[in-house]
Each structure stands twice: as C-alpha cells, then as structure tokens.
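Descriptive analysis of the structure
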Amino acid sequence: TRLMRAYELMAIIDGSLEEPDAQAWQKTITDGIANAGGSVHGKPDWWGKRRFAYPINKKEEGYYVVLELLA
C-alpha cells in the first residue's frame, strides 16, 4: 500500500476568462489530480477573481481556487 499525504493546492486561473469558463477549469484540475492517482476531498473553495499584487505573465488579476487533496 502506498502512503497518501494531505495537501492544500491553490490554483490561479486566467483572469481574462469569463467566470463560468474559469470554473470549468476547476473540473479540469480535479480530473488531473484523479488521473495522477490523487483525490480531492471536500468542496473546492472558490475565491473568485482577485487582483494580483504585481502582474503575472502580463496579467493583472486571476481566479483563485483552493483544493484539499490526498496524493
């Protein structure tokens, strides 16, 4: 049996997307974790669109989501 550890993952999704499209990326992230052998626990914590302290890849804002997972 392999050891699964608990992690907290904060993902930042491109702020130029419309919110429903950004939320669709949340499922893509969750599916990627499952495909790699991990699992997401609980409901993802959607923070919504936030302004960055400084530009990242010439972007000023992004959508934040926090996931609790085992991997």
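Preceding this paragraph is the structure being described.
Summarised in this report is the structure supplied together with it.

Here is what the cut-offs are and how they apply
- Residues numbered from 1 in each chain as written.
- Predicted model: local features only at pLDDT ≥ 70, side-chain atom pairs only at ≥ 80, totals over all residues.
- Heavy atoms only, no water.
- Pairing = 2+ DSSP bridges.
- Helix = DSSP H or I, 4+ residues; strand = E, 2+ residues; numbered from the N terminus.
- Axes fitted to C-alpha atoms, helices over the stretch in contact; angles between N-to-C directions.
- Contact = heavy atoms within 4.5 Å.
- Phe/Tyr/Trp six-rings, centres within 6.5 Å; stacked < 30°, edge-to-face > 60°.

Details of the sheet that holds strand β1 (residues 6-14)
Strands sit in the order β1-β3-β2 across an open sheet of 3 strands; the sheet is antiparallel. Looking along the sheet, the strands with just one partner apiece sit at the ends: β1 and β2 (39-56). Averaged over all pairs of adjacent strands, the angle between strand axes in this sheet comes to 25°, irrespective of strand direction. In terms of strand pairing, β1 meets strand β3 (residues 59-70) through 9 bridges, oriented antiparallel. Bridge pairing links I13 to Y63 in β3. This element, helix α1 (residues 19-35), spans β1, β2 and β3 of the sheet and lies at about 125° to β2.

Remarks on the packing of aromatic side chains
If you walk through the whole model with that rule in mind, you get 3 aromatic pairs. Note on W46 and Y63: the rings are 5.7 Å apart at their centroids and 25° apart in plane angle, and the pair reads as stacked. Highlighted residues: W46 in strand β2 and Y63 in strand β3, separated in sequence by 17 residues. Pairing W47 with Y64 gives two aromatic rings, centres 6.1 Å apart and planes at 20°, and the pair type is stacked.

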